Amino acid sequence: MGTLTISNGDIYTPLHFGHGNIVIEDDTISTITKEHPPTSDATIDVEGYFVIPGLIDGLIHGGGGCDSMTGKVDDIKTIARAHASHGVTALVVGISSGSMDQINASLTAIANVVDEPVADGARLIGSYVEGKFGSLEKNGAQDPKYITPPNFEEFHSMWAASDGTLKVISLAPENDNNLQFVKHLAEFRSDAYNNIVIAMGHTNATYQQAMDAIDAGITRATHTYNGMSGMHHRNLGALEAVLDHPKIHAELIVDEHHVHPFWGKQLIGKKGTSGVGLITDCTEHAGLAAEEWQENAVYDTKLDAYLLNESNSESPPKYIKDGAMWLDVGKPTERLAGAIITLMDGVRNVMDWGYSLEETLTMATLTPAKNLGVDDRIGSIAPDKAADLVIVDRELNVQSVILRGKVLKTP
């Protein structure tokens, strides 16, 4: 592939490096410098633009019109392409509760793309089993019919189906008898499970149960606040443990529907930019213009919402209302079911809360990369790191994406 120079950009690594040049050899960054670089095989002049690391979305459920649980490899490829075109160059693909056949088929499809990345698509760090081992009390949009306590039989079935690419397993620790499941995964994490990340989510744990689980090996909180016990001045729960324990990474959905900006700022203020990772938890509608998803939706004037599917015995009706996906709109069981933004939209939101580009990018790149154990290769602009870069204007509109050293589009 030769050498490529990105010249005259305002570089954020995510820290502000300033005006400079980045030299790429094949798929790897070789140099970042303020000096004039040696002659390259090709040069892209990005004067007037920001150069930032490719964003990392640590929990998505779809994009580009495709859902992550169809079990179809082509759908996973479409998802990867949709996010890459919006500056998200690495993904962890979520799996909701479902039958074991559906879960395993989906894990296998994801593994196929992890092993053979799409040339113009985001790299897949792995899969994320979110709701299978959650609690019935905090199931949210997860189908309660398929939720079970953490158990080795189903886990090892999923692990085999993923061909070792299952990256995050989320669970309700109060349902893990003596934390034997968490302790086993933590003990053999590196030797047998490819450094899997153990998360706590869809949980009704008490504060002490959650603290004990973090001490036992949980290092990540699934979409903090959502599907999580706590936020009471006397009866503390999992949320307070996430806020209190320094060794847990807190995911934060940043569509401004799942978490009000006030509470988002409280989380970042408490844990700092090194303890919070921005996510979307997005559905298949991420990356689609409104007119695209509205084409097959029915607008309900009474509910002021778009109906996406009719109710059936298998699943409740889905709606898009007020910029997010909801289930059972207008019913007592109405609840959020996912975002419809990409992470670049979320980055803009967080900057609107008053955070700098440095701070926001840190939570969208380097911090999640560290928790996922991939910061040796992605998550920042530095020599010997993967050449996953995004060129954006001052409003963070994507002008160009460079993925593994390949230019997907230019300004």
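Everything discussed here concerns the structure shown above.
These notes cover the structure that comes with them. Keep in mind it's a predicted model, so treat the numbers as computed, not measured. (Residues numbered from 1 in each chain as written. Predicted model: local features only at pLDDT ≥ 70, side-chain atom pairs only at ≥ 80, totals over all residues. Heavy atoms only, no water.)

Side note on the pattern of salt bridges
Link 1 in the chain: Here the structure, examined in full by the defined rule, presents nine salt bridges.
Link 2 in the chain: When the shortest N-O distance is used, the salt bridge between Arg 123 and Asp 388 registers 3.0 Å. Here the residue Arg 123 occupies a position in strand β10 (residues 123-133), and Asp 388 occupies one in the loop between α12 (366-372) and β21 (389-392), the gap between them amounting to 265 residues. Neither residue differs from the other here; Arg 123 and Asp 388 are each classed as buried.
Link 3 in the chain: With a shortest N-O distance of 2.9 Å, Asp 345 and Arg 348 are connected by a salt bridge. Residue Asp 345 and its partner Arg 348 are both found in helix α10 (residues 343-352); the two are separated by three residues, about one turn of the helix.
Link 4 in the chain: Take Asp 345: its relative accessible area is 29%, and that puts it in the partly exposed class.
Link 5 in the chain: Look at Arg 348 and you get partly exposed, because its relative accessible area is 24%. (Salt bridge = Lys/Arg side-chain N within 4 Å of Asp/Glu carboxyl O. Helix = DSSP H or I, 4+ residues; strand = E, 2+ residues; numbered from the N terminus. Buried < 20%, exposed > 50% of the residue type's maximum accessible area, 1.4 Å probe, protein only.)

Focus on the sheet that holds strand β20 (residues 335-339)
Link 1 in the chain: Overall, antiparallel pairing links the five strands, which are arranged β16-β17-β18-β19-β20 in an open sheet. For this open sheet the edge positions go to β16 (298-300) and β20, each flanked by a neighbour on one side alone. If you compare each strand with its neighbour and ignore which way they point, the axes differ by 35° on average.
Link 2 in the chain: Inspection of the sheet shows strand β18 (residues 318-321) paired to strand β19 (residues 324-327) by four bridges, in the antiparallel sense. Looking across to β19, one finds that Ile 320 is bridged to Met 325. (Pairing = 2+ DSSP bridges. Axes fitted to C-alpha atoms, helices over the stretch in contact; angles between N-to-C directions.)

A short note on helix α8 (residues 261-271)
Link 1 in the chain: For α8, every residue scored as buried is listed here: Pro 261, Gly 264, Leu 267, Ile 268 and Lys 271. When α8 is viewed along its axis, its buried side chains cluster within an angular range of 120° and face the same direction. Opposite the buried face of α8, by more than 90 degrees, sit the exposed residues Gly 269 and Lys 270.
Link 2 in the chain: Of the surrounding secondary structure, the elements contacted by the buried residues of α8 are α7 (238-244), β14 (249-253), β15 (276-279) and α11 (357-364).
Link 3 in the chain: Directly after α8, the chain includes Gly 272, whose backbone phi takes a positive value near 80°. (Arc of directions from axis to C-beta. Contact = heavy atoms within 4.5 Å.)

Comments concerning the environment of Glu 358
Link 1 in the chain: Tracing the backbone through its elements, the reader meets Glu 358 in helix α11.
Link 2 in the chain: Glu 358 gets classed as partly exposed once you look at its relative accessible area, which sits at 28%.
Link 3 in the chain: Each C-alpha atom of the pair Glu 358 and Tyr 12 lies 6.9 Å from the other, and the pair is 346 residues apart in sequence.
Link 4 in the chain: Residues within four places of Glu 358 in sequence aside, it is in contact with Tyr 12, Pro 14, Leu 15 and His 16.

Let's talk about the side chain of Lys 385
Link 1 in the chain: Note on placement: Lys 385 falls in the loop between α12 and β21.
Link 2 in the chain: The buried charged residue Lys 385 lacks any salt bridge partner; its closest oppositely charged side chain belongs to Asp 375, at an N-O distance of 6.1 Å.
Link 3 in the chain: Of note is the side chain of Lys 385, whose polar atom sits 3.0 Å from the backbone oxygen of Asp 375.
Link 4 in the chain: Side-chain polar atoms of Lys 385 contact the side chain of Ser 380, separated by 2.4 Å. (Lys, Arg positive; Asp, Glu negative; His and termini not counted. Polar contact = N/O pair within 3.5 Å; in protein donor to acceptor, adjacent residues only side chain to side chain.)

Some words on unusual backbone geometry
In terms of backbone geometry, most residues other than glycine have negative phi values and most peptide bonds are trans.
Link 1 in the chain: Phi is positive for His 202, close to 45°, though the residue is something other than glycine.
Link 2 in the chain: Relative to the assigned elements, His 202 resides in the loop between β12 (197-200) and α6 (207-216).
Link 3 in the chain: A positive phi is found at Met 231, a non-glycine position, where the angle reads about 60°.
Link 4 in the chain: Mapped onto the elements of the fold, Met 231 is located in the loop between β13 (220-221) and α7.
Link 5 in the chain: In this structure Met 231 comes out as partly exposed when scored by relative accessible area, which is 43%.

Some thoughts on the sheet that holds strand β11 (residues 166-171)
Sheet strands line up and pair through hydrogen bonds in the backbone, either parallel or antiparallel.
Link 1 in the chain: Strand order in the open sheet formed by eight strands is β6-β9-β10-β11-β12-β13-β14-β15, with parallel pairing between adjacent strands. The sheet is open, and its two borders are formed by β6 (55-60) and β15, each paired with just one other strand.
Link 2 in the chain: Sheet topology places β10 next to β11; four bridges connect them, and they run parallel. Bridging across to β11, Val 129 finds its partner in Ile 169.
Link 3 in the chain: Docked against the sheet, α8 engages β14 and β15, running at close to 160° with respect to β14.

Looking at the nonpolar core
Link 1 in the chain: In this structure, Phe 155 and Leu 252 are the most contacted members of the largest nonpolar core, which totals 83 residues.
Link 2 in the chain: Sort the elements by how many residues they give to this core and helix α2 (residues 100-115) lands first, with seven residues.
Link 3 in the chain: Every residue in contact with Phe 155, bar those within four places of it in the chain, is listed here: Phe 133, Leu 166, Ile 169, Phe 181, Leu 185, Tyr 193 and Ile 196.
Link 4 in the chain: Counting residues in each nonpolar core, the second largest holds 16 residues, with Tyr 128, Val 168, Ala 199 and Ala 386 among its members. (Core = buried A, V, L, I, M, F, W, Y, C linked by side-chain atoms within 4.5 Å.)

Notes on the pairing of β10
Link 1 in the chain: A large share of β10 lies buried, amounting to 11 of its 11 residues.
Link 2 in the chain: After leaving strand β9 (residues 88-95), the chain enters α2 and then returns to the sheet as β10, a path that is right-handed.
Link 3 in the chain: The parallel pair β10 and β11 is bridged by helix α3 (residues 152-161), and the resulting crossover is right-handed. (Right-handed = clockwise from strand over helix to strand, strands pointing away.)

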